[in-house]
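# Geometric and topological summary
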Amino acid sequence: VASGNAVTVLTYLHGVKEAQLVTDEIMEEGFDIDLIELRSLKPLDMDTIRKSLERTHKICILDESTQSGGVGATVSARISEELFDLLDAPVKRLCMDDAPVPYASTMEVAVVKRGSDLVQGVFDLCTGQY
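Residues numbered from 1 in each chain as written. Predicted model: local features only at pLDDT ≥ 70, side-chain atom pairs only at ≥ 80, totals over all residues. Heavy atoms only, no water.

## Points about unusual backbone geometry
Keep in mind that most residues, glycine aside, have a negative phi and that most peptide bonds are trans. This is how it is decided: The helix count covers DSSP runs of H or I at least four residues long, the strand count covers runs of E at least two residues long, and both are numbered beginning at the N terminus. Exposure is judged per residue with a 1.4 Å probe applied to protein chains only, and the accessible area is read against the type maximum: over 50% gives exposed, under 20% gives buried, and values in between give partly exposed.
That bond from Lys42 to Pro43 is cis: its omega, 10°, falls within 30 degrees of zero. Position of Pro43 among the secondary structure elements: in the loop between strand E2 (33-37) and helix H2 (46-56). Here the phi dihedral of Leu13 falls at roughly 50°; this positive angle occurs in a residue that is not glycine. Position of Leu13 among the secondary structure elements: in the loop between strand E1 (7-11) and helix H1 (14-28). In this structure Leu13 comes out as exposed when scored by relative accessible area, which is 63%. Positive phi is not limited to glycine here, since His57 has a value of about 65°. With respect to the helices and strands, the residue His57 is situated in the loop between H2 and strand E3 (59-66). Take His57: its relative accessible area is 26%, and that puts it in the partly exposed class.

## Focus: the pairing of E2
Heads up, the condition is: When DSSP locates at least two bridges between a pair of strands, those strands are taken to pair. When the strands point away from the viewer and the path from the first strand over the helix to the second turns clockwise, the crossover is right-handed.
Among the five residues that make up E2, four are buried, leaving the element largely enclosed by the rest of the structure. Bridge count between E1 and E2: five bridges; the pairing is parallel. Paired with Val9 across the bridge in E2 is Leu35. After leaving E1, the chain enters H1 and then returns to the sheet as E2, a path that is right-handed.

## Concerning the packing of aromatic side chains
Using the following cut-off: Within 6.5 Å between ring centres, the rings of Phe, Tyr and Trp (the latter by its six-membered ring) count as paired, and their orientation is classed by plane angle as stacked under 30 degrees, edge-to-face over 60, tilted in between.
If you walk through the whole model with that rule in mind, you get one aromatic pair. Between Phe31 and Phe123, the ring centres sit 6.2 Å apart and the planes meet at 70°, which makes this aromatic pair edge-to-face. Taken together, the residues span a long stretch of sequence, with Phe31 in the loop between H1 and E2 and Phe123 in helix H5 (residues 115-126) at a distance of 92 residues. Residue classification places Phe31 among the buried residues on the basis of a relative accessible area of 18%.

## Overview of the packing of H2 against helix H3 (residues 71-82)
So the rule is basically this: Angles shown run from 0 to 180 degrees and are taken between the N-to-C directions of axes, each axis being a line fitted to C-alpha atoms and, for helices, limited to the stretch in contact. Crossing handedness is read from the near helix: turned anticlockwise from the far helix by less than a right angle, it gives a left-handed crossing, and turned clockwise, a right-handed one. Only heavy atoms matter for contacts: two residues are in contact if any of them lie within 4.5 Å across the pair. Any residue outside Ala, Val, Leu, Ile, Met, Phe, Trp, Tyr, Cys, Pro, Asp, Glu, Lys and Arg is labelled polar, Gly included; the first ten of those are nonpolar and the last four are charged.
Direction vectors running N to C along H2 and H3 enclose 65°, while the axes themselves pass 12 Å from each other. The two elements H2 and H3 meet at a crossing, and its hand is right-handed. The residues of H3 that touch H2, namely those facing Met46, Ile49 and Leu53, are Arg78, Ile79 and Glu82. Looking at the contact of H2 with H3 residue by residue, the classes come out as four nonpolar, no polar and two charged.

## Brief notes about the packing of H1 against H5
The following threshold applies: The labels follow the angle: roughly parallel below 35 degrees, roughly antiparallel above 145, roughly perpendicular from 65 to 115, and oblique for the rest.
It is at 8 Å that the axes of H1 and H5 come closest, and there the two elements cross at 45°. Comparing their axes, H5 and H1 come out oblique. Of the two possible hands of crossing, H1 and H5 adopt the one that is right-handed. Listed contacts from H5 to Glu18, Ala19, Val22, Glu25 and Ile26 of H1 are Gly115, Ser116, Leu118, Val119 and Val122. Residue composition of the contact of H1 with H5, grouped by class: six nonpolar, two polar and two charged.

## Some details on the pairing of E1
Remark: a regular strand shows side chains that alternate across the two faces of the sheet. With five of five residues buried, E1 lies mostly within the body of the structure. Here E1 shows no split at all, with Val7, Val9 and Thr11 on one side and Thr8 and Leu10 on the other all buried. Summarising the sheet, E1 and E3 pair through three bridges and their orientation is parallel. Following the sheet pairing, Val9 is matched in E3 by Cys60.

And the structure:
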């Protein structure tokens, strides 16, 4: 979706919009992102992820699911198993805590990770605060 060199960002569904909304804010911090939309989880496009990691060496997964057993957990495991040597930092997962998602949309905002969380995650990865 967007090409950059500081951090690879993997996301899907609403996370793509959230990431696009904060791209300028990330650039104001002095960083850029290589934004990859996960259109399919099986098969997972590991070649695209590999090519991006060869440039960035850092990865952040913006995930709408929970920390345990979620999409990000599976993708993170695959990256750690297959592309570990390309990483200069641990995989950064931005996901919900292991708790039920509230039905009320006003409460959902408090638990689902958003673009502002991505800005902080990219900053942390780029400044070695992991």
